[in-house]
Amino acid sequence: SQTIHQWPATLVQPVGSPLSLECTVEGTSNPNLYWYRQAAGRGLQLLFYSVGIGQISSEVPQNLSASRPQDRQFILSSKKLLLSDSGFYLCAWSAPYTDTQYFGPGTRLTVL
Amino acid sequence: AQSVTQPDIHITVSEGASLELRCNYSYGATPYLFWYVQSPGQGLQLLLKYFSGDTLVQGIKGFEAEFKRSQSSFNLRKPSVHWSDAAEYFCAVGGTGRRALTFGSGTRLQVQP
């Protein structure tokens, strides 16, 4: 069966520091991968999605970036965090050419 | 552009009572529709999905949803709510092309004993 992992589970970072969040999927090949952000009291905002290694689509302009160095690894990064980057970050995957997404446990990021 | 509206931000029901959570969507073609549930501090769990066929779909945990094209709705129902159903519920719409889902803003369900 497929599983999706995210780490760290929680992170507290100062403004201006770098960020690296990691997501890995097991039990499937060539998945579509997604990064969402969920701000307090709000729905999910799609940040990036990827249909293959090195293929990243950005949905919103911001100081975040994403990379997919391996088939089942998706990384969310920032060079300098802003206060507004605080939130709950969710990674998701779907099988190729399908729309059903399955979510990881999330990372709670607090920027102080 | 596709969009999803969940008109109820917060709903409170008594344990054992029936539940209906509303979802309205806007989509140019036949939509793929989803309901997810999120417990506090957790990721999202898929409850059910509609792609085509029978407009009444059954999901996990005793939930069901009905697709009504004429009303652009996909409401979630449960005949008898349990205290463990307290969570936030998200409706989402997707389709071919972007292969990405658009989510509603969510409905927080509180269950009273």
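Shown above is the structure to which this text applies.
From a predicted model like this one, the values you see are computed outputs, not experimental measurements.

Novice: Quick question: what am I supposed to make of the overall build of chain A here?
Specialist: Within chain A one finds 0 helices and 11 strands. Tracing chain A from N to C terminus, the helices and strands come up as β-β-β-β-β-β-β-β-β-β-β. Computed over the C-alpha atoms, the radius of gyration of chain A is 13 Å, within 12% of the 13 Å expected from 2.2 N^0.38 for a compact globule of 112 residues. With respect to the principal axes defined by its C-alpha atoms, chain A has extents near 40 × 25 × 20 Å. Considering chain A as a whole, with its 112 residues, one finds that 48% of them fall into the buried category.

Novice: Any chance you could explain the pairing of strand β12 (residues 107-112) of chain B here in plain terms?
Specialist: Put simply, side chains in a regular strand alternate between the two faces of the sheet. Residues and elements named next belong to chain B. In β12, alternate side chains face the same way, and those of Thr107, Leu109 and Val111 are buried while those of Arg108, Gln110 and Gln112 on the opposite face are not. Pairing of strand β2 (residues 10-14) with β12, which is carried by 5 bridges, proceeds in the parallel orientation. Across the sheet, the residue bridging to Val13 is Val111, located in β12. The pairing of strand β10 (residues 87-94) with β12 spans 3 bridges and is antiparallel. In the strand pairing of β12, Tyr89 is matched with Thr107.

Novice: Quick question: what am I supposed to make of the interface of chain A and chain B here?
Specialist: It is common to report an interface's size as the accessible area lost on association of the parts. Opposite the 22 residues of chain A that make contact, chain B presents 22 residues. At the boundary of chain A with chain B, total buried surface from both sides reaches about 1,600 Å², with 53% on carbon and sulfur atoms. Put simply, chain A and chain B have 0 salt bridges between them. For the pair chain A and chain B, the interface holds 3 residue pairs in polar contact (both at pLDDT 80 or more). Sorting the residues of the side of chain A that touches chain B by element identifies β4 (32-38), β5 (44-52), β9 (87-94) and β10 (102-103) of chain A as the ones contributing at least two each.

Novice: So what exactly am I meant to see when it comes to the layout of surface pockets here?
Specialist: Rolling a probe over the atoms, with the probe sized like a water molecule, indicates the empty space that remains. Volume-wise, the largest pocket comes out at about 190 Å³. If you trace the largest pocket, you find 14 residues lining it, with A:Gln38, A:Arg108, B:Gln38, B:Glu88 and B:Arg108 closest to the centre. A per-class count over the lining of the largest pocket returns 4 nonpolar, 6 polar and 4 charged.

Novice: Got a minute to help me understand the side chain of A:Gln13 in this structure?
Specialist: All names here are of chain A. With respect to the element layout, Gln13 can be found in strand β2 (residues 10-13). A polar atom in the side chain of Gln13 sits 3.5 Å from the side chain of Ser17. Those residues within four positions of Gln13 in sequence are excluded, and the remaining contacts are Pro18, Leu81, Leu109, Thr110, Val111 and Leu112.

Novice: For this particular structure, what's the right way to read the nonpolar core?
Specialist: A general tendency of soluble globular proteins is for nonpolar side chains to be buried together. Residue and element names in this part refer to chain B. Of all hydrophobic cores here, the largest spans 26 residues; its most connected members are Leu19, Trp35, Leu47, Leu48, Phe74, Leu76 and Tyr89. If you list the elements that add at least two residues to this core, you get β2, β3 (19-21), β5 (32-38), β6 (44-50), β8 (64-68), β9 (73-78), β10 and β12. Broken down by element, this core gets its largest block of residues, 4 residues, from β10. If we skip the residues at most four places from it in the chain, Leu47 touches Trp35, Tyr36, Val37, Gly59, Ile60, Lys61, Phe63, Leu76 and Tyr89.

Novice: Which parts of the structure should I look at to understand the environment of A:Gly27?
Specialist: Take A:Gly27: it is sitting in the loop between β3 (19-26) and β4. Considering only alpha carbons, one finds A:Gly27 and A:Gln38, 11 residues apart in sequence, at a separation of 26 Å.

Novice: Please explain the packing of aromatic side chains as it appears in this structure.
Specialist: Think of a pair of aromatic rings as described by two things: how far the centres are apart, and how the planes are tilted against each other in angle. Per the stated rule, a full pass over the model turns up 16 aromatic pairs over all chains. Look at A:Tyr34 and A:Tyr49: their rings are 6.3 Å apart centre to centre, the planes differ by 25°, and that puts the pair in the stacked class. Taken together, the residues span a long stretch of sequence, with A:Tyr34 in strand β4 and A:Tyr49 in strand β5 at a distance of 15 residues. Here A:Tyr34 matches A:Tyr49 in class, with each residue buried. On the numbers, 5.7 Å between centres and 45° between planes, the contact of B:Tyr36 with B:Phe103 is tilted. Here the residue B:Tyr36 occupies a position in strand β5, and B:Phe103 occupies one in strand β11 (residues 102-103), the gap between them amounting to 67 residues.

Thresholds applied
Starting afresh in each chain, residues are numbered from 1 along the sequence in its written order. Chains carry letters and ligands carry numbers; both start at the beginning, A for chains and 1 for ligands, and go up in the order they are written. Two thresholds apply to this predicted model, a pLDDT of at least 70 for residue-level local features and 80 or more for giving and counting side-chain atom pairs, whereas whole-chain, interface and lining totals are computed over all residues. Side-chain figures throughout are based on the complete set of non-hydrogen atoms in the structure, without hydrogens or water. Think of it this way: any DSSP run of H or I at least four residues long counts as a helix, any run of E at least two long counts as a strand, and we number them from the N terminus. In this treatment the radius of gyration is a C-alpha quantity, and the globule benchmark scales as 2.2 Å times the residue count to the 0.38 power. Buried, partly exposed and exposed residues are distinguished by accessible area as a fraction of the type maximum, computed with a 1.4 Å probe on protein chains only: under 20%, between the cut-offs, and over 50%, respectively. Any two strands with at least two DSSP-identified bridges between them are counted as paired. Residue contacts are defined here by distance: any two heavy atoms, one from each residue, within 4.5 Å place the two residues in contact. As a working definition, buried area equals the accessible area (1.4 Å probe) given up by two parts on being put together, with both sides summed. By salt bridge we mean one thing: a side-chain nitrogen of Lys or Arg within 4 Å of a carboxyl oxygen of Asp or Glu. For the purposes of these results, a polar contact is taken to be a pair of N or O atoms within 3.5 Å, where, inside protein, one atom must be able to donate a hydrogen and its partner to accept one; residues adjacent in sequence count only when each atom of the pair is a side-chain atom. Using a 1 Å grid laid over the protein atoms alone, points where a 1.4 Å probe fits but cannot get out form a cavity; open sets with protein on both sides within 12 Å along at least 5 of 7 lines form a pocket; any residue with an atom within 4 Å of a point counts as lining. Grid points are joined across faces, edges and corners, and a volume is the space filled by probe spheres set on the points. Lys, Arg, Asp and Glu make up the charged group, whereas Ala, Val, Leu, Ile, Met, Phe, Trp, Tyr, Cys and Pro make up the nonpolar group; the residues left over, Gly among them, are polar. We define the nonpolar core as a collection of buried residues of types Ala, Val, Leu, Ile, Met, Phe, Trp, Tyr and Cys that are connected through side-chain atoms lying within 4.5 Å of one another. A pair of Phe, Tyr and Trp rings is counted when the ring centres sit within 6.5 Å of each other, with Trp represented by its six-membered ring. The angle between the planes then sorts it: under 30 degrees is stacked, over 60 is edge-to-face, the rest tilted.

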